[in-house]
Amino acid sequence: MSADLVYKIAFASVRGMGVDLAQKLLEVLDDEKDFFSIPERELRAITHSRSKILERAYRNSCIEMAEKEMEFINQHHINVSYFTDESYPQRLLHAPDAPILLYSVGHTDLNSKHIVSIVGTRRCSEYGKHMCERIVKELAESIPDVVTVSGLALGIDIAAHNASLKHGVPTLAVQACGLNKIYPAEHRNAAEKIVKNGGRIISDYTSQDVLHRGNFVARNRIIAALSDCTIVIESAEKGGSLITANLAQSYNRDVFGRAGDEFSKGCNQLIKRNQAMLVTSATDIVEALRWDSCLTNKPTQQLDLFPTLTPEEQAVVDVIQQAGDIHINAITEKLNIPVYRVMSTLMQLDFKGVIITMPGCRYAMA
């Protein structure tokens, strides 16, 4: 079994190897071992290829790397999912650039019935974090077996993982490096909690691969393809989140984004171009995917969707809506109202559920 796995690891490490190429090669070869054992001339005759990946020296180097990787796998009890295994995420097989092998630690079923990817900018707002947690909480309440996916990065990624941990949702963290390290290092504790609470840390990189910038873009294809949909909480006009969204769309996955302030310019673009659907709550996601919610027949609490506002309250709301996320001092300056009156008005708006109070005396629309 270990010998077979060595050849599969070596096969997966071949430059440019994806599901499509692997399937084509295995159609003309007996198995992965055959790729490394037969003479170069014979292999070229079978594949009709002049590629350097068929050179004997290169193939031998792949085997050497795989043998070292087996030591790491055995020592650290790493899970290996090959693309022909039942444990391999079947959603990934529909992505032509999917890796043929995944390394992971943890126990979440990668073929869970309901999987949602949540991504966003590293420089997120407090409102973005709040919305991220609210959506995860609502998903947990309506779809008890839901699983989330993100990239363990700063900002929205770690907010999604933390919200999942808080609300008992298994979460998958897809790394841009091997499992010999956690990146960024400050998220090591979060990674440990993810595994201890039924989630997984996943990578298609070996412990011998070097971390570089291109890994993050490549990692995004897995985040996009692992799930049924991708939610972009916040994004600038350019960024990795938009790459993930575009990949998800290319894989025929639904994409959702929130519209609004300057932190959502990238989401606004996606929505304007009909590349994403507007998301205001988990209900939008559940309905779009036609998932059966356990809350469908549950009586809902009647909310005052259009609370009556005083002229002063409306003025404060207008300022917050325009800013998206604003400090109390800025509100008083814009409206030329004493701070004590603004504070009282903000308390009333928070009580009515119109706004949310954030750390540092900042406010945003609920």
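Just so it is clear, the model here is predicted, and its values are computed rather than measured.

1. Describing the sheet that holds strand β12 (residues 362-365)
Step number 1: Taking strand neighbours across the sheet as the criterion, the 3 strands line up as β10-β12-β11 in an open arrangement whose pairing is antiparallel. This sheet does not close on itself; its edge strands, each paired only once, are β10 (326-327) and β11 (355-358).
Step number 2: Here β10 pairs with β12 via 2 bridges, running antiparallel. From the neighbouring strand, I326 faces β12, where its bridge partner is Y363.
Step number 3: Its contacts with the sheet place helix α15 (residues 339-351) against β11 and β12, and it is angled at close to 115 degrees to β11.

2. A few points about empty space enclosed by the protein
Step number 1: For the structure shown, the criterion picks out 1 cavity of 30 Å³ or more.
Step number 2: Estimated volume of the largest cavity: approximately 40 Å³.
Step number 3: Taken together, the residues of the lining of the largest cavity break down into 6 nonpolar, 2 polar and 2 charged.

3. Brief notes about helix α9 (residues 214-225)
Step number 1: Here α9 lies mainly inside the structure; 9 of its 12 residues are buried.
Step number 2: The set of residues buried in α9 consists of N215, F216, R219, N220, R221, I222, I223, A224 and A225.
Step number 3: Check the buried side of α9 and you find it contacts β2 (101-106), β3 (115-119), β4 (147-150), β5 (171-174), β7 (229-232) and α10 (240-250).

4. A short note on the nonpolar core
A general trend in soluble globular proteins is that nonpolar side chains are found buried together.
Step number 1: Grouped together as the largest cluster of nonpolar side chains are 69 residues, with contacts concentrated most on I9, F11, F35 and I100.
Step number 2: The element best represented in this core is helix α5 (residues 56-76), accounting for 8 residues.
Step number 3: I156, A163, A282 and M358 belong to the second-largest nonpolar core, a separate cluster that totals 30 residues.

5. Quick notes on the packing of helix α13 (residues 311-323) against helix α14 (residues 328-335)
Step number 1: Where α13 meets α14, the closest approach of the two axes is 10 Å, and the angle between their N-to-C directions is 120 degrees. With respect to the hand of their crossing, α13 and α14 are arranged in right-handed fashion. Residues A315, V316, V319 and I320 of α13 form the contact with α14, whose own contacting residues are I331, K334 and L335.
Step number 2: Here the residues of the contact of α13 with α14 sort into 6 nonpolar, no polar and 1 charged.

6. Some details on the pattern of salt bridges
Step number 1: Summed over all chains, the structure comprises 8 salt bridges.
Step number 2: Its salt-bridge partner being R91, residue D228 comes within 3.1 Å of it at the nearest N-O pair. Highlighted residues: D228 in the loop between α9 and β7 and R91 in the loop between β1 (79-82) and β2, separated in sequence by 137 residues.
Step number 3: On the accessibility criterion, R91 (13% relative accessible area) is buried.

7. Describing the packing of α10 against helix α11 (residues 265-272)
Step number 1: Interaxial distance between α10 and α11 falls to 10 Å at its minimum, and their mutual angle equals 25 degrees. It follows from the interaxial angle that α10 and α11 lie roughly parallel. In this structure, α10 meets α11 at a crossing whose hand is right-handed. Between α10, through L242, A245 and N246, and α11, the contact on the second element is made entirely by G266, Q269 and L270.
Step number 2: Looking at the contact of α10 with α11, its residues break down into 3 nonpolar, 3 polar and no charged.

8. Brief notes about the packing of aromatic side chains
Step number 1: Scanning the model with the defined rule gives 5 aromatic pairs in all.
Step number 2: On the basis of an interplanar angle of 35 degrees and a centroid distance of 6.2 Å, the ring pair of Y7 and F36 is categorised as tilted. Of the two residues, Y7 is situated in helix α1 (residues 2-12) and F36 in helix α3 (residues 32-37); the sequence distance between them amounts to 29 residues.
Step number 3: Given a relative accessible area of 5%, F36 falls into the buried group.
Step number 4: Above the face of the F216 ring, R122 is positioned so that its terminal group lies 5.8 Å from the ring centre.

9. Considering the side chain of S164
Step number 1: In this structure, S164 sits in helix α7 (residues 156-166).
Step number 2: Classification of S164 by relative accessible area gives buried; the value is 0%.
Step number 3: A distance of 2.8 Å separates the side chain of S164 from the side chain of T148, its partner in a polar contact.
Step number 4: Non-local contacts of S164, meaning those with residues more than four positions away in its chain, are made with V136, T148, V169 and T171.

10. Quick word on the pairing of β5
Across a regular strand the side chains alternate sides, sitting on one face of the sheet and then on the other.
Step number 1: Burial of β5 is two-sided: the residues T171 and A173 facing one way and the residues L172 and V174 facing the other way are all buried.
Step number 2: As judged from the 3 bridges shared by β4 and β5, these two strands associate in the parallel manner. Bridging across to β5, S150 finds its partner in A173.
Step number 3: For the handedness criterion, the β-α-β arrangement of β4, α7 and β5 is classed as right-handed.
Step number 4: Summarising the sheet, β5 and strand β6 (residues 200-203) pair through 3 bridges and their orientation is parallel. Each bridged residue has a counterpart across the sheet, and for A173 the counterpart in β6 is I201.
Step number 5: Crossover handedness for the path β5 to helix α8 (residues 188-196) to β6: right-handed.

Definitions and limits used
Here the residue index of a chain counts from 1 through its sequence in written order. Side-chain atom pairs in this predicted model are given and counted only at pLDDT of 80 or more, local residue features only at pLDDT of at least 70, and totals for whole chains, interfaces and linings cover all residues. The basis for every side-chain value is the complete set of non-hydrogen atoms in the structure, without hydrogens or water. Here, any two strands with at least 2 DSSP bridges between them count as paired. Helix and strand definitions follow DSSP, with helices as H or I runs of at least four residues and strands as E runs of at least two, each counted in order from the N terminus. Any pair of residues with heavy atoms lying within 4.5 Å of one another is described as a contacting pair. Every axis in this analysis is a line fitted to C-alpha atoms, fitted for helices over the stretch in contact. Angles between the N-to-C directions lie between 0 and 180 degrees. The pocket and cavity definitions rest on a 1 Å grid over protein atoms only: a 1.4 Å probe that fits but cannot leave marks a cavity, an open set with protein on both sides within 12 Å along at least five of seven lines marks a pocket, and residues lining either have an atom within 4 Å of a point. Grid points are joined across faces, edges and corners, and a volume is the space filled by probe spheres set on the points. Here the nonpolar group is Ala, Val, Leu, Ile, Met, Phe, Trp, Tyr, Cys and Pro; Asp, Glu, Lys and Arg are the charged ones; every other residue, Gly included, is treated as polar. Accessible area is worked out with a 1.4 Å probe on protein chains only. A residue is then buried under 20% of its type maximum, exposed over 50%, and partly exposed in between. For our purposes a nonpolar core is just a set of buried Ala, Val, Leu, Ile, Met, Phe, Trp, Tyr and Cys residues, chained together by side-chain atoms within 4.5 Å. Put simply, a crossing is left-handed when the front helix is turned counterclockwise from the back one by less than a right angle, and right-handed when it is turned clockwise. The rule for a salt bridge is simple: a side-chain nitrogen of Lys or Arg has to be within 4 Å of a carboxyl oxygen of Asp or Glu. By definition in this entry, angles of less than 35 degrees are roughly parallel, angles greater than 145 are roughly antiparallel, angles of 65 to 115 are roughly perpendicular, and the rest are oblique. Centres within 6.5 Å make a pair out of two Phe, Tyr or Trp rings, where for Trp the six-membered ring is used; the pair is then stacked when the planes are under 30 degrees apart, edge-to-face when over 60, and tilted otherwise. In this analysis the charged atom, NZ for Lys or CZ for Arg, is taken to sit over a ring once it is within 6 Å of the ring centre and within 35 degrees of the ring normal. A 3.5 Å cut-off defines polar contacts: any pair of N or O atoms within that distance qualifies, except that in protein one atom must be a possible hydrogen donor and the other a possible acceptor, and neighbouring residues in sequence count only when both atoms are side-chain atoms. By the criterion used throughout, a crossover qualifies as right-handed when its path from the first strand across the helix to the second strand runs clockwise, the strands pointing away from the viewer.

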